[in-house]
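# Commentary on secondary and tertiary structure
One-letter residues, chain by chain:
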Amino acid sequence: MKLSTTVILILLNLFIFSQSKIDRSNCRDGEDVEYCKTHKMMNKLKNNPSFYKQFLKDQQELKKTEDQISGQSRSGVVYTIPVVFHVLHNGGVENISKDQILDAVAILNRDFRLQNTDANNVQSTFSSMPSDIEVEFKLATKAPNGQCFSGITRTQNALTNDGSSGQAQVAAVTAGNDVYNSSWPGNKYLNIFVVNEAGGAAGYTTNPSNWSSTSMRNGIWILHDYVGSIGTSDNSSSRSLTHEVGHWLNLEHLWGPNNNPGTATSCSSDDGVNDTPRCIGVTACILTSNSCSNDAQDGYWSSDVVDNVENYMEYSYCSKMFTNGQKTRMRSALVSSVGGRNNLWRNNNLISTGTNSDPTVCAVEISVAKDLVCGNDNVQFFDESYNNIVSWNWSFPGGSPSSSNTKDPITSYSSSGNYDVTLQVTDGSGNVMSKTFSSFITVLGSNGNTPPIFEGFENMSSLPNNNWTIDNLSGPGFQVVSSASASGSRSVKLDNSIGTNGSVDELISNTIDLSNSDAASISFKYAFAKRNSSNTDYLQIYASKDCGDSWALRKNIYSSVLATRANTNSSFTPTGSDWKVISISPNTLNNFLVSNFRFKFKFVNGGGNDLFIDDINLSGSVSINDLERTNNLTIQPNPVIDNSVISFYSNSNLTNVTLDLYDAMGRLVISKRVANLNNGDNKIEIPSSALESGWYLIMLKSQEKIISNKFLKK
Ligand SMILES: [Zn+2]
């Protein structure tokens, strides 16, 4: 009962939280994020009297410029804006691809140059009005210190999930990005911050103001899934950035400077643009909307007309145009010194940001979704080289295909091992650059290690290695330690004390071949202490029958039963009785008897002390249907009697030979050291007198090879 009460309380809290945080009236129909919060942000700033004073002065100045240039429907001057996308991520999907960003830039250019074909379909009242703004956007290729880069910076920081302070997110980018760790001035770059949470909004920015001109906060915040039309975004979200750039160039919502679409009083406020009819704003594509009757008031329209719901500064899902009036207002912002906008497109700024001419190649970079894959998996490589790459020459030694001329090719590897990848790129000016990425891909065998597996971590000093992979998505990571062990002198430890609540750590086996087993079971020992009874840590064991592409939960060790000793706040090092044995029975693994079986431990931090794991035992039992001898080992006589011997031929000397016998459940019943063996014919007596009747697996393990066969004891 206590648990369900807690769950209800948590749900209730989430409900109240989301209710108080999201202003539903500011969302587009069907979305649970406020489409834009620019005016809310501006109003917050205006609460500061000195900002407000500056803002009024700036707007006066901008109006003066607008009056000067109004009437220039087609100026012939195209302004180029250097743009930087700062991707703030925490290792999740919000770390969007370069392709998604390139798509977003292409959409901005399409919309601001009126190359969007849907502008031909605006409703008849506005059919002649869609305007070419004559503004273009180019990814910068030079950082403030002159360093060549791709126009994209990436910063890993959990603040991507907390947009309560946009300034804190910018500070995280400045301090932690992978290109240049200082300010990217707002009068030199249009800075676009791609985040996973933007204060409940899909996007926001600020109007031009001398308050923030050279500061980085003079930029645009946008959710990753509102950037471009591909990857994590889609078509219906792809024009949010067009809308925010409109604000950044001093446009207001069509119904006036507020974030309250659908409010009747907005008929008396205006967007400061005469050719956009007065309206109260829509949250969906309602083409018949005619919300205000005072359209003639601004002088452009002689009578009442329908609302321009297809305007980018609306909240409809069918926005596709700016008007000439909006063009004049935006271009006024660009030629004005207010907010430093008139510095952006100046030739010396285009030179210093590397946007003046076609950029040239300066780095070869590649990426993959996973660099640890299984035999015959399709591996897609992505070109991340910059800049202006027009052709590619990939080389995948050991892969099939082993080369490619496409941008983001797919190959696969049939054998286990580490593989180099080489990429040679050519830019638009014919410059060539090449780079080899050594051991870039690790391929696990599609036929894994042969059971039984006994892992005491005695023969390794670090993780990952040939047998184990670790995944510490956000936690401290499993490590081999010699400070504690259930047997021998080593174990693996998760330094959970330094982890954060909810962080996840995984210890993952590499592939194991269970295809010759008719049953398998896993046992292991672990030790764990809570700090106090309210800790919620838990441990799970998963199995995979497709080399780790998908996982099924096989064992859940709940928080309530996880601790193996009394709570302690002190540094915890387990001793004898602190270790507990856990077994996973054969029937839970019945459907996992495949050649590329894997299993993993998943630990979720709930504030407790450290975790230790040791003595992992995977038993693969003998398949009694399979009477074929393996390798060249014969057993005579078979069924085995007390004086049976094994005979085999070896083409090499065998050293450090051990003879191991496993029963049908995979339990090791006899392990015996044998003298070194010479090449040629060998015979060894089977120590079978004490064995019970049944099937057994015999394995001869040596430094050089392992040979095995099965036999029946009568
Ligand atoms: Zn807006």
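Residues numbered from 1 in each chain as written. Predicted model: local features only at pLDDT ≥ 70, side-chain atom pairs only at ≥ 80, totals over all residues. Heavy atoms only, no water.

### Here we look at the overall build of the chain
In terms of helices and strands, the chain carries 10 helices and 33 strands. Counting only C-alpha atoms, the chain reaches 110 × 65 × 45 Å along its principal axes. Counting every position in the chain, which comprises 714 residues, the buried fraction comes to 52%. At a minimum sequence separation of 6, the contacts of the chain that also span at least 24 residues come to 71%. When the accessible surface of the chain is totalled, it reaches about 30400 Å², and 48% of it is carbon and sulfur. Charged side chains of the chain number 55 positive and 66 negative; the gap between the two group centres comes to 4 Å. (Helix = DSSP H or I, 4+ residues; strand = E, 2+ residues; numbered from the N terminus. Buried < 20%, exposed > 50% of the residue type's maximum accessible area, 1.4 Å probe, protein only. Contact = heavy atoms within 4.5 Å. Areas by Shrake-Rupley, 256 points an atom, 1.4 Å probe, with all protein chains shown as cover. Lys, Arg positive; Asp, Glu negative; His and termini not counted. Charge placed at Lys NZ, Arg CZ, Asp CG, Glu CD.)

### Some remarks on the sheet that holds strand 17 (residues 468-472)
Spatially, 17-20-25-22-23 is the arrangement adopted by the five strands of the open sheet, whose pairing is antiparallel. Of all strands in the sheet, those bounded by a partner on one side alone are strand 17 and strand 23 (552-557). Strand-to-strand twist in this sheet, taken as the mean axis angle between neighbours without regard to direction, amounts to 20°. (Pairing = 2+ DSSP bridges. Axes fitted to C-alpha atoms, helices over the stretch in contact; angles between N-to-C directions.)

### Re the state of the cysteines
For the structure shown, the criterion picks out four disulfides. With its disulfide-bonded cysteines labelled consecutively along the sequence, the chain is connected as 1-6, 2-4, 3-5, 7-8. No disulfide involves Cys-27; its sulfur sits 12 Å from that of Cys-36, the nearest cysteine. (Disulfide = S-S within 2.5 Å.)

### Regarding the coordination of the zinc ion
Donor atoms from the polypeptide that bind the zinc ion are Cys-36 (SG), His-243 (NE2), His-247 (NE2) and His-253 (NE2), placed at 1.9 to 2.2 Å. Around the zinc ion sit four donor atoms; with metal-centred angles ranging over 101 to 120°, the donor geometry is tetrahedral. Sequence positions of the donors to the zinc ion reduce to the motif C-x206-H-x3-H-x5-H. You can see Cys-36 sitting in the loop between helix 1 (2-21) and helix 2 (38-46) and its partner His-253 sitting in the loop between helix 6 (240-248) and helix 7 (324-335), a full 217 residues away along the chain. Here Cys-36 and His-253 have matching classes, each one buried. (Donors = N, O, S within 2.8 Å, 3.2 Å for Na, K, Ca; no water. Tetrahedral: all angles 85-135°; square planar, octahedral: opposite > 155°, others 65-115°.)

### Topic: the sheet that holds strand 11 (residues 399-400)
Spatially, four strands are ordered 7-9-13-11 in an open sheet, and the strand pairing comes out antiparallel. Every interior strand has two partners, whereas the edge strands, strand 7 (366-368) and strand 11, have only one.

### Quick word on the environment of Asn-187
Considering the arrangement of structural elements, one finds Asn-187 in the loop between helix 5 (166-176) and strand 4 (190-195). On the accessibility criterion, Asn-187 (16% relative accessible area) is buried. With sequence-adjacent residues up to four places away left out, Asn-187 is seen in contact with Ser-213, Thr-214, Gly-339, Gly-340, Asn-343, Leu-344 and Asn-349.

### A closer look at the pairing of strand 19 (residues 491-494)
Alternating positions in strand 19 separate into two faces, Ser-491 and Lys-493 on one and Val-492 and Leu-494 on the other, with burial throughout. In this structure, strand 18 (residues 478-481) lies alongside strand 19, joined through four bridges in antiparallel fashion. Counterpart to Val-481 in the pairing with strand 19 is Ser-491.

### Section: the confidence of the model for the chain
Summing up the model confidence of the chain, the mean pLDDT is 89 and the portion of residues at 70 or higher is 94%. For the stretch residues 1-20, pLDDT sits under 50, and the model shows zero contacts to residues farther than four places along the chain or on other chains. The model gives residues 623-631 a pLDDT under 50, and that stretch makes 17 contacts with residues more than four places away or in other chains. (pLDDT = per-residue confidence, 0-100.)

### Brief notes about the packing of aromatic side chains
All told, the structure shown has 31 aromatic pairs when counted by the stated rule. Residues Phe-51 and Phe-55 carry aromatic rings whose centres are separated by 6.1 Å and whose planes lie at 20° to one another, so their mutual orientation is stacked. Placement of the pair is Phe-51 and Phe-55 together in helix 3 (residues 49-69), with a separation of four residues, close to one helical turn. Here the two residues Phe-51 and Phe-55 agree in accessibility, since each one is buried. Ring geometry for Phe-524 against Tyr-526: centres 6.3 Å apart, planes inclined by 45°, an arrangement best described as tilted. As far as burial versus exposure is concerned, Phe-524 and Tyr-526 are alike and both buried. Site record: aromatic cluster; members linked through ring pairs are Phe-457, Trp-468, Phe-524, Tyr-526, Phe-592, Phe-597, Phe-599 and Phe-601. Sitting above the plane of the Trp-248 ring, Arg-341 keeps its charged end 4.2 Å from the centroid. The ring of Trp-345 carries Arg-346 above its face, with NZ or CZ at 4.7 Å from the centroid. (Phe/Tyr/Trp six-rings, centres within 6.5 Å; stacked < 30°, edge-to-face > 60°. Lys NZ or Arg CZ within 6 Å of the ring centre and 35° of its normal.)

### Topic: the pattern of salt bridges
Within this structure, the stated rule accounts for 22 salt bridges. For Lys-407, the salt bridge goes to Asp-408, with nearest N and O atoms at 3.5 Å. Using a relative accessible area of 18% as the deciding quantity, one classes Asp-408 as buried. Salt bridges sharing common partners tie together Asp-23, Glu-34, Lys-37 and Lys-40. (Salt bridge = Lys/Arg side-chain N within 4 Å of Asp/Glu carboxyl O.)

### With respect to the packing of helix 3 against helix 7
Packed helices, taken two at a time, are described by the angle between their axes plus the distance between the axes. Relative orientation of the contacting elements helix 3 and helix 7 amounts to 115°, with a least axis distance of 9 Å. Crossing geometry of helix 3 relative to helix 7 is assigned as right-handed. In this structure, helix 3 contributes Gln-59, Leu-62, Thr-65, Glu-66 and Ile-69 to the contact, and helix 7 contributes Thr-328, Arg-329, Arg-331, Ser-332, Ala-333 and Val-335. Class assignment for the residues of the contact of helix 3 with helix 7 results in four nonpolar, four polar and three charged. (Left-handed = near helix turned anticlockwise from the far one by under 90°. Nonpolar A, V, L, I, M, F, W, Y, C, P; charged D, E, K, R; others polar.)

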